[in-house]
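Single-letter residue listing:
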Amino acid sequence: MSDRIFGGIGLVLAIFFGIQATMIEVAFMSDAVGPSVFPIIVATIMGLASIYFLVKPDPAPDWPQAGRLAEIGFAVLVLFAYAQLLPVLGFVVATMFAAGYLAWRLGSKPVEAVLVGIGTSVGIYVVFRLILGLSLARGPLGF
Amino acid sequence: MELLSSLGDGFLVALTFQNIGLALLGCLLGTIMGALPGLGPSNGVAILIPLAFTLGLDATPALILLTSVYYGAMYGGRISSILLNIPGDEPAMMTCLDGYPMARKGQAGEALALSGIASFVGAFFATWGLVFLAPQLVKVALLFGPAEYFALFVLAFATLGGISSTNQAKAAFAAALGLGLAMIGVDTQTGVPRFTFGEVHLYDGIDFLVAIVGLFALSEVFIFLEHRGTDKDSSTGPKVQIGRIIPPWSMVRSCIPTMARTSVLGFIAGVLPGAGASLGSFISYSMEKRLVDRENTFGTGDPRGVAAPETGNNAAAGGALVPMLALGVPGSGTTAVLLAVLLALNITPGPLLFTNNPDVVWGLIAALFIGNVMLLVLNIPMIGLFTRVLMVPPRILMPIVAMISFVGIYGISGSTFDLVVMILFGIGGWVLRKLDVPLVPIILGTLLGNEMEVNLRRAVTIADGDYSVLFGSPLTIGLWSIAIIGFIMPMVAGKMLKRRMQLAKKTGEDTDLVD
């Protein structure tokens, strides 16, 4: 069943991609092939592969339980928030929270998670910013 | 002779303090990454690319660092295979079969040392193979026109899904997805924006580094989140005593014929497109088992059963560099990631690389020799150091991996948009891995998509819009035939091979990134 859904999504994607490809406006000067042909070939291959999934699906993989899916979903949300807050809070503070959260969810005890968060964040800051001179996001505190 | 003098020049390039230091660092990091279950060569190199890039390293030092990581990871994978019966990366899977039984018999140190020697032999011969074979392949490649290149790219995609994929339709889908992603952005030939939907960030396309780090490194974090606390959780394993770390000479001597044979076999497996190190170690082990296993000792801790796959996978790792450097078409997952390094540094791989940037090629090859010696030294006397690293549990390791991925990508562009795209790739990579869709063709598609299209358009434009030029020369017909055979053959033979590999690897389902 998973493969059928995947094939359906793939087919929609392929059709969407193909339609978009035909709508590319051709420039005044163009080569003999133009910008649409290759994307259309790609969309065709994608479409054919998707139809194959619809017709002959593989056995479904073991999807995790709802709880685990939520776990991954929350991790994604935290990472999105991290990406947004990085320039606001600065690297060290934002990373402390994100790394600590991941460590906690991967099975660390709360105290250990806090330590991993602080350790990762400060460790990366020292190695990459102070030693290697990479530019990391600066927050209001300057780090 | 000319080859040797080029190689000599390469050593002059490689033997600077900076380059030796980078090679050492790469070897250390690579061995650690190879040893840790969950971090393999391709995601290890993927995490480090943006860093090498933002540190402002030149092409040669950056490549030296990253190929040392690549070679190091091939060495490191065996450590957890032998000690924990968990392959550190996929090519090390076969090493579990005899390595772990040896460790159970109290010969862990000997198994580690022997496999270190075997890795050295395999990698050493493969690097010589690279020296001799790559320039020959370059001579052939110089005959290629745009039509031949287009056919060659098709060949690369047709065979890459190849033997490691169970379902060719999924490999084809992955390739199309990657090619489609490469189309996003302004068309290089006419200047028309394609698939950008008015989003300015998309005008210069999706950065393939963002895609690579998301698909390889971040999706791994999600896999660990999914499996935490279940029996697929690899953080629990019995402790094994190391024992003596110098194998008796008789043991090494008994393995010499095995190492000689599997060096050649592994190298060939590596050069062939789409095979890579996993296949190299697999066929090496199977062949040796058939040839020398008279007393049925393979699988019970036979030293030859440790030497064979380790020689094979390291030889294949060197072999896979041949098509990557000479043709610009990688033969395996990690070499695809290494190709990304070259492209990010604005170096076009392929035959012209040897004439335009000989310092890069020969410096790299010389660095491989140097790195290989370093790895031998690191991996025999200092093996205890690496076994201690294995004690770092994923719950501490994976947050670090995730954060370093973010640092690398943010360092390149300083843009939150790229981070968001990377997370999307991470979650996409997780779903695709669940569905058994190979990730390597996606990466290869995003890397080669534009180049492939340019060659198609150039070929057809030169022929005044005649598409038959794509099949117009004997060379193109040859390439197309290999591509078609390479796509169809795995449907028949691949199923059998895959099933046997599955049977052979009782553990470690989740180290499923292709070498």
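Computed from a predicted model, the values in this text were never measured in an experiment.

A. Region of the structure containing the overall build of chain A. Counting secondary structure elements, chain A contains five helices and zero strands. Listing every helix and strand of chain A by position from the N terminus yields α-α-α-α-α. Relative to a compact globule of 143 residues, whose C-alpha radius of gyration would be 15 Å, chain A shows 23 Å and is clearly more extended. Principal-axis analysis of the C-alpha atoms places the extent of chain A at approximately 55 × 45 × 20 Å.

B. The overall build of chain B, seen in detail. Broken down by element type, chain B carries 21 helices and two strands. Radius of gyration (C-alpha) of chain B: 22 Å, near the 24 Å computed for a compact globule of 515 residues. Across its three principal directions, the C-alpha atoms of chain B cover 70 × 50 × 50 Å. Counting across all 515 residues of chain B, residues that qualify as buried make up 66%. Expressed as a percentage of contacts within chain B between residues at least 6 apart in sequence, the contacts between residues at least 24 apart total 81%.

C. Examining the packing of aromatic side chains more closely. Applying the stated criterion across every chain yields a total of 21 aromatic pairs over all chains. Look at B:Phe471 and B:Trp480: their rings are 5.0 Å apart centre to centre, the planes differ by 40°, and that puts the pair in the tilted class. Taking the relative accessible area as the measure of exposure, B:Trp480 reaches 18% and is therefore buried. Members of the aromatic cluster, joined through ring pairs, are B:Phe11, B:Phe120, B:Phe124, B:Phe125, B:Trp128, B:Phe132 and B:Phe369. In this structure, A:Arg105 is placed above the aromatic ring of A:Trp104, and the distance from its NZ or CZ to the ring centre is 4.5 Å. It is B:Lys170 that lies over the ring of A:Phe53; its NZ or CZ is 5.8 Å from the centre.

D. How the structure looks around the interface of chain B and chain A. Each partner contributes residues to the interface: chain B has 64 residues there, and chain A has 68 residues. For the pair chain B and chain A, the summed buried area comes to about 5600 Å², and 79% of that belongs to carbon and sulfur atoms. Counting the contacts that link chain B with chain A gives three salt bridges. The partner of B:Lys170 in a salt bridge is A:Asp58, and the shortest N-O contact between them spans 3.1 Å. The tally of links between chain B and chain A comes to seven residue pairs in polar contact (both at pLDDT 80 or more). At the level of elements, helix H3 (41-54), helix H8 (168-183), strand S2 (193-194), helix H9 (208-227), helix H18 (394-413), helix H19 (416-434) and helix H20 (440-462) of chain B are the ones that each hand at least two residues to the side of chain B that touches chain A. No other element matches the 13 residues that H18(B) contributes to the side of chain B that touches chain A. Per-class residue counts for the side of chain B that touches chain A are 42 nonpolar, 12 polar and 10 charged.

E. Looking closely at the pattern of salt bridges. Per the counting criterion, the structure on display carries 12 salt bridges over all chains. The closest approach of N and O atoms between A:Glu71 and A:Arg105, which form a salt bridge, is 2.7 Å. Residue A:Glu71 is located in helix H3 (residues 66-89), and its partner A:Arg105 is located in helix H4 (residues 91-105); the two are separated by 34 residues in the primary sequence. With its nearest N and O atoms 2.6 Å apart, the salt bridge here joins B:Arg395 to A:Glu112. In this pair, B:Arg395 sits in helix H18 while A:Glu112 sits in helix H5 (residues 110-131), so the two residues belong to two different chains. Look at B:Arg395 and you get partly exposed, because its relative accessible area is 26%. It is possible to trace a salt-bridge network through shared partners that takes in B:Asp187, B:Arg194, B:Glu453 and B:Arg457.

Calculation rules
Residues numbered from 1 in each chain as written. Chains lettered and ligands numbered in written order. Predicted model: local features only at pLDDT ≥ 70, side-chain atom pairs only at ≥ 80, totals over all residues. Heavy atoms only, no water. Helix = DSSP H or I, 4+ residues; strand = E, 2+ residues; numbered from the N terminus. Rg over C-alpha atoms; globule rule 2.2 N^0.38 Å. Buried < 20%, exposed > 50% of the residue type's maximum accessible area, 1.4 Å probe, protein only. Contact = heavy atoms within 4.5 Å. Phe/Tyr/Trp six-rings, centres within 6.5 Å; stacked < 30°, edge-to-face > 60°. Lys NZ or Arg CZ within 6 Å of the ring centre and 35° of its normal. Buried area = accessible area lost by both parts, 1.4 Å probe. Salt bridge = Lys/Arg side-chain N within 4 Å of Asp/Glu carboxyl O. Polar contact = N/O pair within 3.5 Å; in protein donor to acceptor, adjacent residues only side chain to side chain. Nonpolar A, V, L, I, M, F, W, Y, C, P; charged D, E, K, R; others polar.

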